Amino acid sequence: MRMSLVVRQSQQLKVSGGITASVFPEVELMLMDSSDLQNALKFVSNRKNMDRYHSVIDFLFCEIFQEYRRPCLLFYKGKGRQLREMATQEEIAHFGKILVRTIEIAYARFSEKRASSWSAVRTEVLRSVA
């Protein structure tokens, strides 16, 4: 019997921080209170590179609202602003509702073990709030 040892490095992202620091408290609480919800996001985004973001919420926000990817990456380089400086309170509240809906849809697919791509989840989320 041949045995081999495989070392895998996995970076655990913080739930919040980065460009979205403290602007989505409901989303933060949801994700901090449930590892199942974080696992659901990983399940539906298994082909996405989450490591380019500083937090799970940054990932979630920038991958739903793709127009914020570049500002987010600029913020990481010290050349940009946080979301609270770029959006109104009304916009942030709207974004928060969409992020909650994203987590709900991801969790439903995870619970059903229904294979899904991130783009399919994103499309469903954006259609459901249109």
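So, here's what we can say about the structure. (Residues numbered from 1 in each chain as written. Predicted model: local features only at pLDDT ≥ 70, side-chain atom pairs only at ≥ 80, totals over all residues. Heavy atoms only, no water.)

1. Concerning the overall build of the protein
Point 1. A count of helices and strands for the protein gives 7 helices and 0 strands.
Point 2. Sequence-ordered secondary structure for the protein, helices as α and strands as β, is α-α-α-α-α-α-α.
Point 3. Within the span of the protein, comprising 130 residues, buried residues form 42% of the whole.
Point 4. For the protein, the accessible area works out to roughly 8100 Å², and carbon and sulfur atoms hold 49% of it.
Point 5. Computed over 20 positive and 14 negative side-chain charges, the inter-centroid distance for the protein is 10 Å. (Helix = DSSP H or I, 4+ residues; strand = E, 2+ residues; numbered from the N terminus. Buried < 20%, exposed > 50% of the residue type's maximum accessible area, 1.4 Å probe, protein only. Areas by Shrake-Rupley, 256 points an atom, 1.4 Å probe, with all protein chains shown as cover. Lys, Arg positive; Asp, Glu negative; His and termini not counted. Charge placed at Lys NZ, Arg CZ, Asp CG, Glu CD.)

2. Topic: the state of the cysteines
Disulfides are covalent bonds that connect the sulfur atoms of two cysteines.
Point 1. Evaluated as defined, the whole model comprises 0 disulfides.
Point 2. Here Cys62 stays unpaired: no disulfide links it, and the sulfur of Cys72, its closest cysteine neighbor, is 3.6 Å away. (Disulfide = S-S within 2.5 Å.)

3. Points about the side chain of Arg122
Point 1. Take Arg122: it is sitting in helix α7 (residues 118–128).
Point 2. One buried charge, Arg122, has no salt-bridge partner; the nearest side chain with opposite charge is Glu67, at 5.2 Å.
Point 3. Those residues within four positions of Arg122 in sequence are excluded, and the remaining contacts are Glu63, Ile64 and Gln66. (Salt bridge = Lys/Arg side-chain N within 4 Å of Asp/Glu carboxyl O. Contact = heavy atoms within 4.5 Å.)

4. Focus on the nonpolar core
Point 1. Core analysis: the largest hydrophobic core is formed by 38 residues, its most contacted members being Phe24, Val27, Leu31, Phe61, Leu83 and Leu99.
Point 2. Contributions of two or more residues to this core are made by α1 (25–33), α2 (35–44), α3 (56–64), α4 (69–76), α6 (89–112) and α7.
Point 3. With 9 residues, the top contributor of residues to this core is α6.
Point 4. Among all residues touching Phe24, those that are not within four sequence positions of it are Ile57, Phe61, Leu83, Ile92, Phe95, Gly96 and Leu99. (Core = buried A, V, L, I, M, F, W, Y, C linked by side-chain atoms within 4.5 Å.)

5. Quick look at the pattern of salt bridges
Point 1. Throughout the structure, instances matching the rule amount to 5 salt bridges.
Point 2. Arg69 is paired through a salt bridge with Glu63; the nearest N and O atoms lie 2.9 Å apart.
Point 3. The structure contains a network of salt bridges with shared partners spanning Lys48, Glu63 and Arg69.

6. Some remarks on the packing of α3 against α4
Each pair of packed helices can be summarised by the angle the axes make with each other and by the distance between the axes.
Point 1. As a packed pair, α3 and α4 sit with axes 9 Å apart at the nearest point and diverge in direction by 145 degrees. Counted together, Asp58, Cys62 and Glu63 of α3 and Arg69, Cys72 and Tyr76 of α4 form the full contact between these two elements. (Axes fitted to C-alpha atoms, helices over the stretch in contact; angles between N-to-C directions.)

7. Topic: α2
Point 1. Of the positions making up α2, those classed as buried are Leu37, Gln38, Ala40, Leu41 and Val44. For α2, the angular spread of the buried residues around the axis is 155 degrees, confining them to a single face.
Point 2. Tucked into the core, α2 has its buried residues touching α1, α3, α6 and α7.
Point 3. For α2, the N-terminal cap is Ser34; the gap from its side-chain oxygen to the backbone nitrogen of Asp36 is 3.3 Å. (Arc of directions from axis to C-beta. Polar contact = N/O pair within 3.5 Å; in protein donor to acceptor, adjacent residues only side chain to side chain.)

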